[in-house]
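Breakdown of the fold
Below are the chains, spelled out letter by letter.
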Amino acid sequence: MTGLLECVAGEMVAPARPDLAGLVHWAGAAAQPIHRWFRYREGFSPALITSLGLGRRILDPFCGSGSIMVGAAQQGRASVGIDVNPLAAFVSRVKLSPLGDADVAAAAAFLGGFEAAASGVEPWPEPGLRSASKVFEPRIFDAVLRMRALIEQRATSAAQRDFLLLAWLSILQEVGSYFKEGNGIKYRNRKRRKDGYVARPDGQWQLERFGADQEGFVFAALRAKLTEMLSDVPAWQRGTWSGQRVIEGDALEETGRLCTGSFDSVLFSPPYANRFDYFESQKVELWFGGFVDSYEALGGLRKRSLRSHLGAALDSAVVDLPDVEALIARIDPASYAVRMRVPALIRGYFSDMATILRRCRHVLVPGGQCCVVVGNSAYGGVIIPTDQIIARLGLDAGFGEAAVVPVRHLTVAPQQRNELAGREGLMRESIVVLS
Ligand SMILES: C[S@@+](CC[C@H](N)C(=O)[O-])C[C@H]1O[C@@H](n2cnc3c(N)ncnc32)[C@H](O)[C@@H]1O
């Protein structure tokens, strides 16, 4: 590749920090109180706040499940988080809104006999997700909808309802016939083998997974989740929760509305340029949680999100980035990636990155630091060095210095192994530090 790699390899790639590898993925927060309430696969660890030496006022324009904001509250800092996904914004808001004593008591009281009460309520209306009956076994489906209705019936305040609703949303995958994997969801009635997927015998896999009492499986999962959440309530008593603000919207627009020089640090992990569509992998929670009620609404969210996947607004305007064009020119025009419109995705992705970096620069105090956790990707044998391009775009946005800090390797898909042989080292996750 011309220009880009030479420049970056010589000037911007800092020594690797494998000690930070555990902080750039969900496992870093999975077991921690409050963070553990909802498994957000794409999340990272709040420990990045101290590891990266962030300041008192932090912006996370792609806040997801609010990891950084919860961390900020626990450390007496202030934060603003933005996310276009209403599910993510909901999860963050609930975590950042401690319940008062009366609401905690009422949520705890819900645990008293909800199993028996479930049979007396009408199930919640089925959401319009076309595959709804495929993602839950019939008895599980019924129990899930009854639980949803019972939450609505029993909650006496919106805060209480949202707390219970988060517990309920959080167990959907556990009690479902699906799980999130790769770029979407997979079904439990098929098992992955080395040579592909094979069907699991009907009746048997359900018994293995849920036991004979499927309703009991749902009740036990909800009881365990709610008990865990209630046991974390004391952690809510420590922290400055009122200093955190969640904005549901497009980061590109919303950062433009924030005041100049109002943050000491920006830290974010955008979706990577890898075609993964969060609205596909989270579709069950989006529909069942009532965050979308039509396919038009779901499509609208896709179009408003970062151009990291093929459902995004790939035809919207792009800025001219010669380095990016040079990379695209190297992708085999006859490849599947090109037929799938990956070049438009790459152009859109880096145009969006250029915009967000400019806006982040604007809202930072002079000397403020912006850190971006990001992974590289590959198409048709061409590695997209996203970290290096972001470093370059950061300089274009007005930052004085840029460093790419590699933190861990990314696994290369089996079908890419030959094509990328010798260059696997570039398939990595990094923290790009702009100051
Ligand atoms: C890698 S995840 C961030 C996870 C987060 N750091 C956490 O710990 O939960 C990227 C997030 O960006 C969000 N996103 C995608 N496009 C966006 C946009 N245009 N504006 C704001 N958020 C967006 C996604 O919904 C997703 O939650």
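Residues numbered from 1 in each chain as written. Predicted model: local features only at pLDDT ≥ 70, side-chain atom pairs only at ≥ 80, totals over all residues. Heavy atoms only, no water.

The next subject is the pairing of strand β2 (residues 78-83). In terms of burial, β2 is largely enclosed, as 5 of its 6 residues are buried. The pairing of strand β1 (residues 57-60) with β2 spans 4 bridges and is parallel. When the bridges of β2 are listed, I58 appears paired with S79. Following the backbone out of β1, through helix α3 (residues 67-74) and into the adjacent parallel β2, one traces a crossover that is right-handed. (Buried < 20%, exposed > 50% of the residue type's maximum accessible area, 1.4 Å probe, protein only. Helix = DSSP H or I, 4+ residues; strand = E, 2+ residues; numbered from the N terminus. Pairing = 2+ DSSP bridges. Right-handed = clockwise from strand over helix to strand, strands pointing away.)

Once that is clear, we can look at the site of the ligand. Every one of the 23 residues lining the ligand counts as a neighbour, but Y40, S65, S67, D83 and A251 are closest to it. At 2.7 Å, a side-chain N or O of S65 approaches an oxygen atom of the ligand. A distance of 2.7 Å separates an oxygen atom of the ligand from a polar atom in the side chain of D83. With the chains in place, 98% of the 600 Å² that the ligand exposes on its own is no longer accessible. For the shell around the ligand, a count of residues per class yields 11 nonpolar, 8 polar and 4 charged. (Near = heavy atom within 4 Å. Polar contact = N/O pair within 3.5 Å; in protein donor to acceptor, adjacent residues only side chain to side chain. Areas by Shrake-Rupley, 256 points an atom, 1.4 Å probe, with all protein chains shown as cover. Nonpolar A, V, L, I, M, F, W, Y, C, P; charged D, E, K, R; others polar.)

Considering all chains together, one arrives at 26 salt bridges under this definition. One salt bridge in this structure joins R41 and E42, with 3.7 Å as the shortest N-O distance. Among the ionic pairs, K186 bridges to E181, the shortest N-O distance being 3.9 Å. For K186, a relative accessible area of 27% translates into the label partly exposed. Linked through salt bridges whose partners overlap, the residues forming this network are R148, E152, R161 and D162. (Salt bridge = Lys/Arg side-chain N within 4 Å of Asp/Glu carboxyl O.)

Per the domain assignment, the segments of the protein chain are domain 1 (4-85 + 242-280 + 301-434) and domain 2 (101-236). The straight-line distance from the C-alpha centre of domain 1 to that of domain 2 is 32 Å. Opposite the 10 residues of domain 1 that make contact, domain 2 presents 17 residues. When domain 1 packs against domain 2, close to 1300 Å² is buried across both sides, 56% of that on carbon and sulfur atoms. Put simply, domain 1 and domain 2 have 1 salt bridge between them. Residue D232 pairs with R36 through a salt bridge whose shortest N-O separation is 2.6 Å. (Domains from an automatic or database assignment. Contact = heavy atoms within 4.5 Å. Buried area = accessible area lost by both parts, 1.4 Å probe.)

Okay, helix α5 (residues 101-110) next. Residues of α5 that are buried include every one of D103, V104, A107 and F110, and no others. All buried residues of α5 lie within an arc of 110 degrees about the axis, which places them on one face of the element. Turned more than 90 degrees away from the buried face of α5 sit D101 and A102, all of them exposed. On the buried face of α5, the contacting elements are α6 (114-118), α8 (138-154), α9 (158-170), α12 (214-231) and α13 (233-236). (Arc of directions from axis to C-beta.)

Before going further, it helps to spend a moment on the sheet that holds strand β12 (residues 402-409). One open sheet holds the 7 strands; their spatial order is β7-β2-β1-β8-β9-β13-β12, and the pairing between them is mixed. Both outer strands of the open sheet, β7 (244-248) and β12, are each paired with one neighbouring strand and no more. Across the sheet, the mean angle from the axis of one strand to that of its neighbour is 15 degrees, orientation sign disregarded. Sheet strands touched by α3: β1, β2, β7 and β8 (263-268). Its angle to β7, the strand with the most contacts, is close to 165 degrees. Across the face of the sheet, helix α20 (residues 342-363) comes into contact with β1, β8, β9 (364-375) and β13 (428-434) while running at roughly 150 degrees to β9. (Axes fitted to C-alpha atoms, helices over the stretch in contact; angles between N-to-C directions.)

Positionally, Q214 belongs in helix α12. Residue classification places Q214 among the buried positions, given a relative accessible area of 8%. With near-sequence residues (within four places) excluded, Q214 lies in contact with E137, R139, I140 and Q206.

Moving on, we get to the packing of aromatic side chains. Here the structure, examined in full by the defined rule, presents 15 aromatic pairs. Seen from their ring centres, F114 and F219 are 6.0 Å apart, and the 85 degrees between their planes marks the pair as edge-to-face. Note that F114 is positioned in helix α6 and F219 in helix α12, a separation of 105 residues in sequence. F114 sits in the buried class, given a relative accessible area of 0%. (Phe/Tyr/Trp six-rings, centres within 6.5 Å; stacked < 30°, edge-to-face > 60°.)

Another aspect to go through is the confidence of the model for the protein chain. This prediction gives the protein chain a mean pLDDT of 94; 97% of its residues lie at or above 70. With pLDDT under 50 throughout, residues 5-10 is counted as low confidence; its partners more than four residues away or in other chains account for 7 contacts. (pLDDT = per-residue confidence, 0-100.)

Among the secondary structure elements, L52 is positioned in the loop between α2 (48-51) and β1. Accessibility expressed as a relative area gives 15% for L52, which makes it buried. Along the backbone, L52 and L267 are 215 residues apart, and their C-alpha atoms lie at a distance of 9.2 Å. Apart from residues lying up to four places away in sequence, L52 is in contact with L20, L267, Q369, C371 and I431.

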